[in-house]
Amino acid sequence: MAAASEGRSPLTSEMRSPMPLLYRRHSSGEIRNLTSISSSLLPAFGTVVGEGSLNLRRFVLAPYDRRYRIWQTFLVVLVVYSAWASPFELAFRKTSTGALMPIDLVVDAFFAVDIILTFFVAYLDKSTYLLVDDHKKIALRYISHLWFPMDVASTLPFQTLYRLFTGKMHKGDVFGFLNLLRLWRLRRVSEFFSRLEKDTRFSYFWTRYCKLICVTLFAVHTVGCFYYWLAIHYRVADNTWIGAQVPEFEERSVWLGYTYSMYWAIVTLTTTGYGDLHAENTGEKVFSIFYMLFNIGLTAYLIGNMTNLVVHSSIRTFAMRDAIHEILRYASKNRLPEGLKEQMLAHITLKFKTAELQQEEVLEDLPKAIRSGIAQHLFRTTVENSYLFKGVSEDFIVQLVPEMKAEYFPPKVDIVIQNEIPTDFYIIVSGAVDVISNKNGMEQFLSRLGSPDVFGEIGVIFNTPQPFTVRTKRLSQVIRISHNHFKQLVQPLMEDGKTIISNLLQHLKDLKKEELEEMPFVTELLGESKPEGQPTEEPQNGEGPSQEATRNPNVHTTDMLPIRVILHGHHPDIKQKEENGGKLAHLPNSIEELLSLAGEQFV
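Residues numbered from 1 in each chain as written. Predicted model: local features only at pLDDT ≥ 70, side-chain atom pairs only at ≥ 80, totals over all residues. Heavy atoms only, no water.

For the protein, the helix and strand inventory stands at 26 helices and 13 strands. Within the protein, buried positions represent 38% of all 603 residues. In the protein, of all internal contacts separated by at least 6 residues, the share reaching a separation of at least 24 is 69%. (Helix = DSSP H or I, 4+ residues; strand = E, 2+ residues; numbered from the N terminus. Buried < 20%, exposed > 50% of the residue type's maximum accessible area, 1.4 Å probe, protein only. Contact = heavy atoms within 4.5 Å.)

Our focus in this paragraph is empty space enclosed by the protein. A full pass over the atoms with the stated rule returns five cavities of 30 Å³ or more. Every residue lining the largest cavity is counted, 12 residues in all, and those nearest its centre are Met101, Asp104, Gln159, Thr160 and Arg182. When contributions to the lining of the largest cavity are tallied by element, the ones reaching two or more residues are α7 (100–118) and α10 (158–166). If you tally residues by element for the lining of the largest cavity, the top one is α7, at four residues. A breakdown of the residues in the lining of the largest cavity according to their chemical character gives four nonpolar, four polar and four charged. Taken as a whole, the second largest cavity spans an internal volume of roughly 60 Å³. Taken together, Phe111, Asp114, Ile115, Asp151, Ser154, Thr155, Trp184, Arg185, Arg187 and Arg188 make up the full set of residues lining the second largest cavity. (1 Å grid on protein atoms, 1.4 Å probe; cavity = no way out; pocket = protein on both sides within 12 Å on 5 of 7 lines; lining within 4 Å. Points joined across faces, edges and corners; volume = space filled by probe spheres on them. Nonpolar A, V, L, I, M, F, W, Y, C, P; charged D, E, K, R; others polar.)

Moving on to the packing of helix α13 (residues 204–232) against helix α14 (residues 254–269). The N-to-C vectors of α13 and α14 enclose an angle of 120 degrees; their axes lie 8 Å apart at closest approach. With respect to their mutual orientation, α13 and α14 come out oblique. Here α13 runs over α14; the crossing is right-handed. Here Thr216, Val220, His221, Val223, Gly224, Cys225, Tyr227 and Tyr228 of α13 come into contact with α14, specifically with Gly257, Tyr258, Ser261, Met262, Trp264, Ala265, Ile266 and Leu269. (Axes fitted to C-alpha atoms, helices over the stretch in contact; angles between N-to-C directions. Parallel < 35°, antiparallel > 145°, perpendicular 65-115°, else oblique. Left-handed = near helix turned anticlockwise from the far one by under 90°.)

Right, let's talk about the nonpolar core for a bit. For soluble globular proteins, the rule of thumb is that nonpolar side chains tend to be buried together. Of all hydrophobic cores here, the largest spans 50 residues; its most connected members are Val383, Leu388, Phe389, Phe396, Phe455, Phe486 and Ile500. Excluding its chain neighbours within four sequence positions, the residues that come into contact with Phe455 are Ile415, Val416, Phe425, Tyr426, Ile428, Val433, Leu449, Val470 and Val478. Residues Val76, Ala91, Ala219 and Val246 belong to the second largest nonpolar core, which totals 46 residues. (Core = buried A, V, L, I, M, F, W, Y, C linked by side-chain atoms within 4.5 Å.)

A side chain of one charge can pair with a side chain of the opposite charge if their charged atoms are brought near each other. Counted under the stated rule, the structure contains 20 salt bridges. Asp104 serves as the salt-bridge partner of Arg182, at 3.6 Å between the closest nitrogen and oxygen. With Arg182 in the loop between α11 (174–179) and α12 (186–198) and Asp104 in helix α7, the pair connects residues that are 78 residues apart, well separated along the chain. Connected via shared salt-bridge partners are Glu89, Asp104, Asp108, Arg182 and Arg185. (Salt bridge = Lys/Arg side-chain N within 4 Å of Asp/Glu carboxyl O.)

This paragraph deals with the environment of Asn295. By the element assignment, Asn295 lies in helix α15 (residues 282–333). As a C-alpha pair, Asn295 and Leu269 span 26 residues in sequence and 6.0 Å in three-dimensional space. Residue contacts for Asn295: discarding those within four places in its chain leaves Thr268 and Leu269. Within the local environment of Asn295, its side chain forms a polar contact with the backbone oxygen of Thr268, the two atoms lying 3.5 Å apart. (Polar contact = N/O pair within 3.5 Å; in protein donor to acceptor, adjacent residues only side chain to side chain.)

Time to look at the sheet that holds strand β9 (residues 454–455). Spatially, the four strands line up as an open sheet ordered β4-β11-β6-β9, and their pairing is antiparallel. Of all the strands in the sheet, just β4 (405–409) and β9 have a single pairing partner and so form its edges. Across five bridges, β4 lies against strand β11 (residues 476–482) in antiparallel orientation. Looking at β11, one finds that Phe409 is bridged to Ser476. (Pairing = 2+ DSSP bridges.)

A word on a negative patch on the surface. On the surface, Asp238, Glu248, Glu250 and Glu251 cluster together to form a negatively charged patch. Judged by relative accessible area, which is 39%, Glu250 ranks as partly exposed. (Patch = residues over 30% accessible without salt bridge, like charges linked within 9 Å, V, L, I, M, F, W, Y side chains within 5 Å. Areas by Shrake-Rupley, 256 points an atom, 1.4 Å probe, with all protein chains shown as cover. Lys, Arg positive; Asp, Glu negative; His and termini not counted. Charge placed at Lys NZ, Arg CZ, Asp CG, Glu CD.)

Let us look at unusual backbone geometry. The amide bond that connects Ser451 to the next residue, Pro452, takes the cis arrangement and shows omega of 0 degrees. Here Pro452 shows up in the loop between β8 (442–450) and β9. Notably, Glu248 is not glycine yet its phi reads approximately 50 degrees, a positive angle. As for its position among the elements, Glu248 is in the loop between α13 and α14. Judged by relative accessible area, which is 61%, Glu248 ranks as exposed.

Turning next to the side chain of Asp151. Examined against the element boundaries, Asp151 turns out to sit in helix α9 (residues 147–155). The contact partners of Asp151, leaving out residues within four places of it in the chain, are Ile115, Tyr142, Trp184 and Arg187.

A separate point is the pairing of β11. Of all seven residues in β11, six are buried; the element is thus mostly enclosed. Judged from the six bridges that link them, strand β6 (residues 424–430) and β11 form a sheet pairing that is antiparallel. Opposite Ile427, over in β11, you have Ile479 as the bridge partner.

Another point: the UniProt feature "transmembrane region" (unreviewed entry) in the protein. Cross-referencing UniProt, the feature "transmembrane region" (unreviewed entry) maps to residues 68–85, 105–124, 209–230, 255–274 and 286–304 in the present numbering. Its end C-alpha atoms 32 Å apart, residues 209–230 is made of 100% helix and 0% strand. The annotated region residues 255–274 carries 75% helix and 0% strand content, and the separation between its end C-alpha atoms amounts to 22 Å. (UniProt positions renumbered as here; feature names shortened; annotations may be inferred.)

A separate point is a nonpolar patch on the surface. Nonpolar side chains collect at one region of the surface, where Val286, Ile289, Phe290, Met292, Leu293 and Ile296 lie side by side and expose about 610 Å² of accessible area between them. On the secondary structure map, Met292 appears in helix α15. Relative accessible area serves as the criterion here: at 44%, Met292 is assigned to the partly exposed category.

Turning to the packing of helix α8 (residues 135–144) against α9, a few remarks are in order. Contact geometry of α8 with α9 gives a least axis separation of 5 Å together with a crossing angle of 70 degrees. Our classification of the angle between α8 and α9 gives roughly perpendicular. Here α8 contributes Arg141, Tyr142 and Ile143 to the contact with α9, which in turn contributes Trp147, Phe148 and Asp151. The class makeup of the residues in the contact of α8 with α9 is four nonpolar, no polar and two charged.

Next up on the list: the environment of Pro411. With respect to the helices, strands and loops of the structure, Pro411 is situated in the loop between β4 and β5 (414–416). Spatially, the C-alpha atoms of Pro411 and Ser476 are 7.5 Å apart, while their sequence positions differ by 65 residues. Leave out the neighbours within four places in its chain, and Pro411 touches Thr472, Lys473, Arg474 and Leu475.

Our focus in this paragraph is the sheet that holds strand β7 (residues 432–439). Backbone hydrogen bonds hold the strands of a sheet together, and the pairing may be parallel or antiparallel. Spatially, the four strands line up as an open sheet ordered β5-β10-β7-β8, and their pairing is antiparallel. Both edges of this open sheet fall to β5 and β8, since each of them pairs with a single strand only. The mean inter-strand angle of the sheet, taken between neighbouring strand axes irrespective of direction, is 35 degrees. Relative to strand β10 (residues 469–472), β7 is paired through four bridges, and the arrangement is antiparallel. Residue Asp434 lies in a different strand from β10, and its bridge partner there is Arg471.

In structure tokens form, the structure reads like this:
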């Protein structure tokens with residue numbers, strides 16, 4: 001083992017990339033939540049992460065090791081005690097040599113253990129962003145920084161050491177001020193709250209709220225203790241802020257003095273100012289002046305943070321109210337009918353209520369591969385079950401689904417309007433819609449569609465105005481694909497294009513008579529769509545090769561002369577000033593061939 005360890009390269013022996021353990025966080029149990037990891041632990045771009053850098057040296061811990069994090073959290077609890085005890089023992093000297101001394105020694109012992117443990121915790125090299133696990137480098141870095149002397153100074157029990165060396169108990173204030181060095185440990189609390197604020201398992205609002213409460217309590221506690229310390233060191237006890245109210249207060253209970261101190265500090269902080277406790281001498285007045293100036297900054301800090309938290313939680317509500325007011329103002333200014341106004345309000349309200357469900361909002365900043373995977377998981381089954389895409393290739397489905405956009409529509413909202421220019425078609429994921437026809441200002445119900453039915457595809461594929469109005473029956477979620485995206489996807493996949501045309505043709509044949517009547521061009525095409533060899537009705541006076549094919553079922557139209565027609569760029573009843581004669585074209589022998597040619601031109 002030793003020989004193998006000595007033979008390792010400097011990169012693998014002294015510097016470890018932190019990422020492998022991040023990748024193995026579920027199996028190793030060392031990291032539960034990546035959001036709690038400091039950004040300084042992530043490697044720089046270009047860092048090579050190899051399998052050989054999974055293990056650190058023996059007796060070396062990673063800074064994000066789960067056991068080390070638990071130890072750090074336990075120390076935070078001890079820091080809270082130190083932050084309370086240090087000012088308290090300065091003001092009330094009896095406690096520093098009495099009941100609190102054993103507790104102080106135990107707490108100092110734990111922080112002494114932490115100093116030793118720090119020599120065995122790897123650190124991140126800021127230049128390479130790799131973990132350094134060399135013991136000598138770890139020790140040199142710790143000792144050469146300010147952390148080591150301050151950690152030692154805040155841990156040494158000066159009063160106990162003085163008593164051991166001299167055999168006497170010093171009753172002066174020097175050891176009280178030396179104990180204030182323990183406040184150096186408060187940096188651990190700041191780091192702890194910073195980690196909690198990034199941890200999504202905890203509410204950011206309540207984490208920040210608890211931090212503000214802790215800051216306020218620490219400020220009030222510290223100021224109250226110092227104010228009491230001023231009173232006990234003034235030459236005339238009765239000429240102090242507490243002595244004027246409590247004669248011989250130094251001989252009274254410690255907790256009575258602490259209660260008066262907290263009362264004065266809180267009343268002054270909140271600017272209540274009852275006047276029962278006030279400064280009696282110059283020193284107390286100067287201290288009160290600085291405390292009130294400090295309160296200005298502390299109050300601004302607290303109010304600013306609380307305002308930010310409240311506004312952040314209600315910013316979407318403000319945005320929705322502003323949007324609704326804009327809609328009402330627009331509708332009133334343009335005298336829109338009540339029906340349209342209600343649809344506008346319903347749509348904007350639903351948009352805000354389902355903002356967290358909108359696919360494009362959630363996936364906007366994610367890599368394309370992740371977006372595609374999520375879209376496949378959410379909508380692939382719906383797309384495959386729709387009639388239009390049955391039998392298409394796997395490649396087509398994989399490319400189509402990520403291009404679709406999810407939308408919600410409230411009840412009684414028109415998604416597609418009859419005779420509008422086709423730009424998108426839709427697949428129903430959930431909910432239901434009604435297919436409606438408008439005739440002479442009257443609406444006629446034709447059919448009802450549900451998941452996974454398709455609508456709007458006839459206008460898109462045939463490039464004609466939409467034949468129907470489609471209106472939501474209840475709250476519906478749909479996915480839409482634009483005409484341009486659909487065309488780009490189908491172009492390189494000709495076989496899939498033919499399959500889609502065939503599925504559409506079969507669907508048109510299965511439509512109700514009422515729906516076909518709204519699409520005369522489809523009715524004419526379907527009227528010619530017969531199996532090959534089946535007779536079709538021709539006019540009695542009809543002339544041309546198709547009449548012979550009708551009389552003789554065994555004669556295939558492909559062997560006859562093609563039917564020729566002239567195509568004009570205008571309606572036959574409209575006379576143009578300049579007539580170019582039109583274009584001569586050969587008609588296919590059947591509707592299937594016509595749709596096949598249309599599919600080839602479409603793709």
